[in-house]
Amino acid sequence: MTKGNAFVLGATGQIGRAAVRALVEDGWEVTAASRRGGRDEKWPAEVRSVAVDRDEDGALAAALGTGTDVLVDVVAYDAGHGRQLTGLADRIGSAVVISSCTVYEDDRGRNFDTQEEPDGFPEYPLPIPVTWRTVAPGPRSYSTRKAALEREVLAAGERLPATVLRAAAVHGPHCPAPRELWFVKRALDGRPVRILAEGGRSVFHPVHVDNLAELIRLAAARPGTRVLNGGDPVAPTVAEIGAAVDAVMGVTSETILFDGPPGKDRVGGTPWTAPHPVVCDMTAAERELGYRPVVTYEESLPGTVEWLAAAVARQDWREAFPGLVKYGVDFFDYAAEDAWLASR
């Protein structure tokens with residue numbers, strides 16, 4: 001006997017692939033929706049795949065037909081998408097919507113959007129509870145759009161019970177902007193030195209895609225209106241991540257640490273680097289859903305490393321991961337690193 005029908009929007013992305021697998025294993029009949037209607041090789045044959053462009057008028061409503069017991073939306077980004085979901089509340093039993101931990105703001109109004117400003121790095125309470133303040137919703141940035149999405153979805157209340165999951169730094173296979181590449185490629189290139197700013201102490205809470213899928217599975221089975229964080233059981237420092245990658249790849253690297261922000265040409269900077277840690281409080285998910293992580297960062301790392309190594313063996317890292325290019329930084333400027341080392 002099945003648990004019901006589940007409709008996953010954005011099913012062929014990193015989170016969607018894992019969500020489909022978790023829901024099928026839990027007994028749901030799953031429809032996997034994406035722009036092109038593709039499939040993941042790990043999905044069982046019974047998963048129904050459909051092509052849906054949510055931004056095309058009436059397309060999502062048509063794909064839902066008479067409705068679904070739960071809709072999992074991993075590609076909702078703004079207030080318009082929130083209104084789209086609530087406008088279809090009569091066809092959706094409950095929803096699970098992916099948001100981001102970047103919506104948080106400290107008590108001085110500093111957030112992820114202010115980090116390029118003088119003294120703009122936020123200092124959050126650690127770990128950050130789901131009750132902490134968030135940025136003002138609006139169209140200005142990724143974070144403000146996610147906040148606007150949350151507001152629209154949560155305002156529906158009982159009309160559309162929705163779990164909003166504020167995901168931390170998602171990692172694992174199929175990640176469009178894999179932070180771990182910073183270390184993996186250096187090992188593949190035979191680069192023996194890693195330079196880390198902020199003393200290597202920077203922390204940006206990771207969440208493996210399988211842990212996020214577990215949260216989705218549990219929320220689907222327990223409909224309700226709530227906000228929960230999504231993070232791994234431990235938030236390692238960037239130096240600890242580097243050591244873990246080296247262990248998986250069987251290399252020994254010299255790690256050079258220095259205090260303060262990255263130097264000229266961002267030497268010492270990584271995709272995790274910041275002066276203040278970001279760690280999400282997971283007690284609400286544990287209390288409300290009985291959540292327990294299914295994998296630790298270290299346990300998941302071999303699969304991530306294998307996937308990354310295969311990806312960059314086929315093509316240049318910029319082509320393989322355009323999501324990293326958006327940072328506007330050459331993460332592998334070895335000449336700048338050598339110049340920095342020579343000047344010490």
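**Some thoughts on the overall build of the chain**
Broken down by element type, the chain carries 12 helices and 11 strands. A principal-axis box enclosing the C-alpha atoms of the chain has dimensions of 65 × 45 × 35 Å. By residue count, 56% of the 344 residues in the chain fall in the buried class. Restricting to contacts in the chain with at least 6 residues of sequence separation, those with at least 24 account for 75%. Per element, the accessible surface of the chain, about 15000 Å² overall, is 49% carbon and sulfur. Charge separation in the chain, taken as the distance between the mean sites of 37 positive and 48 negative side-chain charges, equals 2 Å.

**Here's the deal with the environment of Gly263**
Take Gly263: it is sitting in the loop between β11 (254–257) and α8 (283–289). When the C-alpha atoms of Gly263 and Glu337 are compared, they prove to be 9.6 Å apart, with 74 residues separating the residues in sequence.

**Observations regarding the pairing of strand β2 (residues 28–34)**
Judged by how many residues are buried, β2 sits mostly within the fold: six of seven residues are covered. As paired strands, strand β1 (residues 4–9) and β2 are joined by six bridges and run parallel to one another. Counted as the bridge partner of Gly4 is Trp28 from β2. A crossover links β1 with its parallel partner β2, the connecting element being helix α1 (residues 14–25), and its sense is right-handed. Pairing analysis gives four bridges linking β2 to strand β3 (residues 48–51), with the strands arranged parallel. Its bridge partner being in β3, Ala33 is matched across the sheet by Val50.

**So, the pattern of salt bridges**
Side chains that differ in sign of charge can pair as their charged atoms come close. Taken as a whole and judged by the stated rule, the model has 26 salt bridges. Among the salt bridges present, the one from Lys3 reaches Asp26, with a minimum N-O distance of 2.8 Å. Note that Lys3 is positioned in the segment before β1 and Asp26 in the loop between α1 and β2, a separation of 23 residues in sequence. The exposure class assigned to Lys3 is partly exposed, which follows from its relative accessible area of 44%. With relative accessibility at 18%, the residue Asp26 sits in the buried group. We note a salt bridge from Arg186 to Glu337, for which the minimum N-O separation is 2.4 Å. Within this pair, whereas Arg186 is found in helix α5 (residues 181–188), its partner Glu337 is found in helix α12 (residues 334–343), the two being separated by 151 residues in sequence. Take Arg186: its relative accessible area is 0%, and that puts it in the buried class.

Rules of the game
- By convention here, each chain's residues receive numbers from 1 onward along its written sequence.
- Reporting of local features is limited, given that this is a predicted model, to residues whose pLDDT is at least 70; pairs of side-chain atoms are given and counted only at 80 or more, and all residues count toward the totals for whole chains, interfaces and linings.
- Values shown for side chains rest on all heavy atoms present in the structure; no hydrogens or waters enter the calculation.
- Each helix is a run of H or I in the DSSP string that is no shorter than four residues. Each strand is a run of E no shorter than two, and both are numbered from the N terminus.
- Residue burial is assigned from relative accessible area. The probe radius is 1.4 Å, only protein chains are included, and a residue is buried under 20% of its type maximum, exposed over 50%, and partly exposed in between.
- The contact criterion used is simple: two residues touch if any of their non-hydrogen atoms lie within 4.5 Å.
- Using the Shrake-Rupley algorithm and a 1.4 Å probe, accessible areas are obtained, with residue cover drawn only from the displayed protein chains.
- Think of it this way: Lys and Arg go in the positive column, Asp and Glu in the negative one, and His and the chain ends go nowhere.
- Just so you know, the charge point we use is NZ for Lys, CZ for Arg, CG for Asp and CD for Glu.
- Any two strands are treated as partners once DSSP identifies two or more bridges connecting them.
- By convention, orient the strands away from the viewer: a clockwise path from the first strand over the helix to the second makes the crossover right-handed.
- Take a side-chain nitrogen of Lys or Arg and a carboxyl oxygen of Asp or Glu: if they are within 4 Å of each other, that pair is a salt bridge.

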